[in-house]
Amino acid sequence: VQAESLEDRCQVSPYACQRRTPLAHKNQVLTEALETMAEEARFCGSEGRSLAFSRAASVLKSLPWTVRGVKELHFLPCIGEHSRKIIQEVLEDGTSTEVENVRQSERYQTMKHFMKIFGVGVKTASQWYQEGLRTINDLQAHHAKLGKAQQAGLLHYRDLNSPVKRSEAEAIVQVVQKAVDQFLPGASVTLTGGFRRGKPSGHDVDLLITHPVEGQEVGLLSKVISWLDSQDFLLYHSTHRNASQALEDQELSVSMTAMDRLDHCFSIFCLNYPHGSIKGGSRAWEPGYELKDPGDATLWKAVRVDLVVAPYSQFPFALLGWTGSRNFERDLRRFSKHEKKMVLNSHTLYHTEKKIFLSAASEEEIFQHLGLEFMPPEERNA
Ligand code: CTP
Ligand code: MN
Ligand code: MN
Ligand code: MN
């Protein structure tokens, strides 16, 4: 009877989009160990291995109980041999020597350090490591060939690695709404990403802009960016235009990634603190900001902001795609492809056998098309 009930409560789907994953879960120690392994694998360029550890961690995040023995793992999906070994070590000894060795290794620590610089990925970080560079100072002393993004990343390293609070994200929403209102009244600005999933803080602010009249949004992003720039709100920005000529070729548009099909901008905002309040002080940011010259660094903070513009008909897809988590998104697409023969991205849902695009007026309708139970954003923290 006991084995049966264990098997019963282990009816866990291998797809994150079929698992409810709240922000707070019951297997923190285990998931942290597995995520360190996933990170280390990614630093080595082993995407497959990284994904395996990441999936194992994601499954544990969805469990409504704390895993106490390896027996409980037999019925769970996505827990490979290596993950099971790590979990067993942590369950028995409280910590895994393999994970601890990774955490203490010079390569892992250096890679982690370098990749905290905005604009630096695995390739650049490992190249620097191989050249013998170890610290930010080394970069400045030995290296001049930094890209524009990396230069900005280095310049604002400290700010960009201090968590963005919800109050700060809401202040950014107000600034962007104000910019948007000037060029296109009626356009909306929606907070997506981790904040929409209920996270109290994040590494950036993800904003999705749309207008209820399809087509009105065309050209909006560049106007908004220019205005924000003219008001000294931007410390860095890099805009990517939607390749609109490709719209005619539906097949091509399906094969393109989500990112390529929506106007978006990766930026660094200069968030001014309200009069009398200083960065790092006990007072949280509150509405009432002023436009200031970013001279005194105690009066402002650099904040990473992703801006995305979607035509109204694509808004639900963009909202679903930009809310995350990354594990949730990856499995939504995997589920669509393998279980439903559909291609889902941040702007469309395409049925590959019927050869039709499925429209949706809300996130709920997309879940319906996929035959999935609706999952509220707070339960997408896979
Ligand atoms: N995204 C994307 N392409 C990128 C960056 C982000 O499609 N190059 C989408 C992803 O689908 C992701 C969402 O934007 O789910 C949010 O990504 P990100 O800001 O990196 O992560 P968050 O979940 O918001 O977490 P954090 O609080 O750390 O920002
Ligand atoms: Mn984010
Ligand atoms: Mn983001
Ligand atoms: Mn792009």
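Here, every reference points to the structure presented above.
Residues numbered from 1 in each chain as written. Chains lettered and ligands numbered in written order. Predicted model: local features only at pLDDT ≥ 70, side-chain atom pairs only at ≥ 80, totals over all residues. Heavy atoms only, no water.

Caption draft 1: Layout of the pattern of salt bridges. With the rule as written, the count across this model stands at 15 salt bridges. The salt bridge partner of E81 is R84, with a shortest N-O separation of 2.9 Å. Separated by three residues within a single helix, E81 and R84 lie in helix α4 (residues 81-93), roughly one turn from each other. Look at R84 and you get partly exposed, because its relative accessible area is 25%. E363 serves as the salt-bridge partner of R196, at 2.9 Å between the closest nitrogen and oxygen. On the criterion of sequence distance, the pair formed by R196 in helix α12 (residues 193-196) and E363 in helix α18 (residues 363-369) is long-range, its members being 167 residues apart. You can call E363 buried: its relative accessible area is 5%. Through salt bridges with shared partners, a single ionic network connects R20, E373 and E379. (Salt bridge = Lys/Arg side-chain N within 4 Å of Asp/Glu carboxyl O. Helix = DSSP H or I, 4+ residues; strand = E, 2+ residues; numbered from the N terminus. Buried < 20%, exposed > 50% of the residue type's maximum accessible area, 1.4 Å probe, protein only.)

Caption draft 2: A look at unusual backbone geometry. Backbone torsion omega between G324 and S325 reads -10°, so that peptide bond is classified as cis. Looking at the secondary structure, you find S325 in the loop between α16 (315-323) and α17 (326-340). Phi at C78 takes a positive value of approximately 65°, unusual for a residue other than glycine. With a relative accessible area of 27%, C78 lands in the partly exposed category. Its identity is not glycine, yet K355 carries a phi of approximately 55°, on the positive side. Examined against the element boundaries, K355 turns out to sit in the loop between β9 (349-351) and β10 (356-357).

Caption draft 3: Layout of the nonpolar core. Formed by 38 residues in total, the largest nonpolar core has its most connected members in L34, L60, L76, I117 and W128. Listing elements by their share of this core, those giving two or more residues are α2 (28-43), α3 (47-61), α4, α5 (97-104), α6 (106-115), α7 (122-130) and α8 (136-142). With six residues, the top contributor of residues to this core is α2. The next biggest cluster of nonpolar side chains, apart from the first, holds 32 residues, and it includes A169, A179, F233 and L307. (Core = buried A, V, L, I, M, F, W, Y, C linked by side-chain atoms within 4.5 Å.)

Caption draft 4: How the structure looks around the pairing of strand β2 (residues 188-191). Burial along β2 is one-sided: V189 and L191 are buried, while S188 and T190, pointing the other way, are not. Pairing geometry for β2 and strand β4 (residues 205-210), over four bridges, is antiparallel. Each residue of the ladder has a partner; that of L191, found in β4, is L207. (Pairing = 2+ DSSP bridges.)

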